[in-house]
Amino acid sequence: MTIATSPADLLSVEQITALSGLEFMQGILEGRLPGPPIGALMGYQLHEVSEGRAVFRGTPEFQVTNPMGTVHGGWYGTLLDSAMACAVMTAVPKGSAYTTLEYKVNILKPIPLGTTVDCTGTIDHVGRSTGVAHGEIRGVEDGKLYATGSTTCIVMNVFGRKS
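Conventions used here
Residues numbered from 1 in each chain as written. Predicted model: local features only at pLDDT ≥ 70, side-chain atom pairs only at ≥ 80, totals over all residues. Heavy atoms only, no water. Core = buried A, V, L, I, M, F, W, Y, C linked by side-chain atoms within 4.5 Å. Buried < 20%, exposed > 50% of the residue type's maximum accessible area, 1.4 Å probe, protein only. Helix = DSSP H or I, 4+ residues; strand = E, 2+ residues; numbered from the N terminus. Contact = heavy atoms within 4.5 Å. Pairing = 2+ DSSP bridges. Salt bridge = Lys/Arg side-chain N within 4 Å of Asp/Glu carboxyl O. Patch = residues over 30% accessible without salt bridge, like charges linked within 9 Å, V, L, I, M, F, W, Y side chains within 5 Å. Areas by Shrake-Rupley, 256 points an atom, 1.4 Å probe, with all protein chains shown as cover. Axes fitted to C-alpha atoms, helices over the stretch in contact; angles between N-to-C directions.

1. Quick word on the nonpolar core
What tends to happen in soluble globular proteins is that the nonpolar side chains get buried as a cluster.
For step 1, the next point in the chain: The biggest cluster of nonpolar side chains holds 35 residues, and the ones touching the most others in it are Phe56, Trp75, Leu79, Ile111 and Ile137.
For step 2, the next point in the chain: When residues in this core are grouped by element, the largest group, eleven residues, is from helix α4 (residues 73-89).
For step 3, the next point in the chain: When residues no more than four places from it in sequence are discounted, the contact partners of Ile137 are Tyr76, Leu79, Leu80, Ile111, Val117, Asp118, Cys119, Lys144, Leu145, Tyr146 and Ala147.

Shown next, in the form of structure tokens:
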């Protein structure tokens, strides 16, 4: 996967909206399009993508801990926001874009440092103006459920294109 290292590496809105959301996400996964730098910063990356579903894989390390030495709640939130919102993106037609309006996180147990997790986002509904999805963070090896989340995204028809 290719990660953007400067704003110049990112696609323009026109380039993004020339693709369906699924085409855009598949391009990132396949390394044909630049991935967002937030994943490199936070220690996770896009792992799988299909229509209505996005999976990010990550391993929290010391740099994402809070003052108590446990994984910061913001890491859970950022990972869940990425997976759930990108799941919504897979259902966005050409000419449109999305952004997160709100999300909720339920942390069920602490993720031990060095534990690789998958965060799966799955759509519940994507329409002309809103997308709703849910997500979960599970250990790859232990299968434990560490957190769940839900999101509402706004879907915006940027250039009036039809899918």
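Let us keep going from here.
2. With respect to helix α2 (residues 21-30)
For step 1, the next point in the chain: When α2 is considered as a whole, its buried residues turn out to be Gly21, Leu22, Phe24, Met25, Gly27 and Ile28.
For step 2, the next point in the chain: Taken from the residues just after α2, Gly31 is the one with a positive phi, measuring 85°.

3. Thoughts on the pairing of strand β5 (residues 130-139)
For step 1, the next point in the chain: By the alternation rule, side chains of β5 split into Gly131, Ala133, Gly135, Ile137 and Gly139, which are all buried, and Thr130, Val132, His134, Glu136 and Arg138, of which none is buried.
For step 2, the next point in the chain: Between the antiparallel neighbours strand β4 (residues 117-126) and β5 lie three residues.
For step 3, the next point in the chain: Connecting β5 to the next strand, strand β6 (residues 145-157), in antiparallel fashion are five residues, including Gly143 with a positive phi near 70°.

4. Looking at the side chain of Ser20
For step 1, the next point in the chain: When you line up the elements, Ser20 lands in the loop between α1 (13-17) and α2.
For step 2, the next point in the chain: Those residues in contact with Ser20, other than ones at most four positions away along the chain, are Val92, Pro93 and Lys94.

5. Side note on the pairing of β4
On a regular strand, each side chain points to the face opposite its neighbour's, so the side chains alternate between the two faces of the sheet.
For step 1, the next point in the chain: Note: strand β2 (residues 53-58) against β4, six bridges, orientation antiparallel. If you follow Arg57 over to β4, its bridge partner there is Asp118.
For step 2, the next point in the chain: As defined by bridge partners, β4 adjoins β5 across nine bridges and the pair is classed as antiparallel. Among the inter-strand pairings, Ile123 is bridged to a residue of β5, identified as Ala133.

6. Notes on the pattern of salt bridges
A side chain of one charge can pair with a side chain of the opposite charge when the charged atoms of the two come close.
For step 1, the next point in the chain: One pass over the full model with this rule turns up four salt bridges.
For step 2, the next point in the chain: One salt bridge connects Glu48 with Arg53, and the closest N-O pair in it is separated by 2.9 Å.
For step 3, the next point in the chain: Given the relative accessible area of 33%, Glu48 is considered partly exposed.
For step 4, the next point in the chain: The salt bridge involving Asp118 is made with Arg57; its shortest N-O contact spans 2.6 Å. Within this pair, whereas Asp118 is found in strand β4, its partner Arg57 is found in strand β2, the two being separated by 61 residues in sequence.
For step 5, the next point in the chain: By relative accessible area, which is 28% here, Arg57 ends up partly exposed.

7. Observations concerning a nonpolar patch on the surface
For step 1, the next point in the chain: Together, Val13, Met156 and Val158 make up an exposed nonpolar region whose accessible area comes to about 210 Å².
For step 2, the next point in the chain: Looking at where Met156 falls in the secondary structure, it is placed in strand β6.

8. Quick look at the sheet that holds β4
For step 1, the next point in the chain: The strand order β1-β2-β4-β5-β6-β3 describes an open sheet built from six strands, whose pairing is antiparallel. In the strand order of this sheet, the two ends are held by β1 (44-50) and β3 (96-107), each with one partner. Sheet twist, expressed as the average angle between the axes of neighbouring strands with direction ignored, equals 20°.
For step 2, the next point in the chain: Here β1 pairs with β2 via six bridges, running antiparallel. Following the sheet pairing, Ser50 is matched in β2 by Arg53.
For step 3, the next point in the chain: Where α4 meets the sheet, it contacts β1, β2, β3, β4, β5 and β6, and its direction lies at approximately 140° from that of β3.

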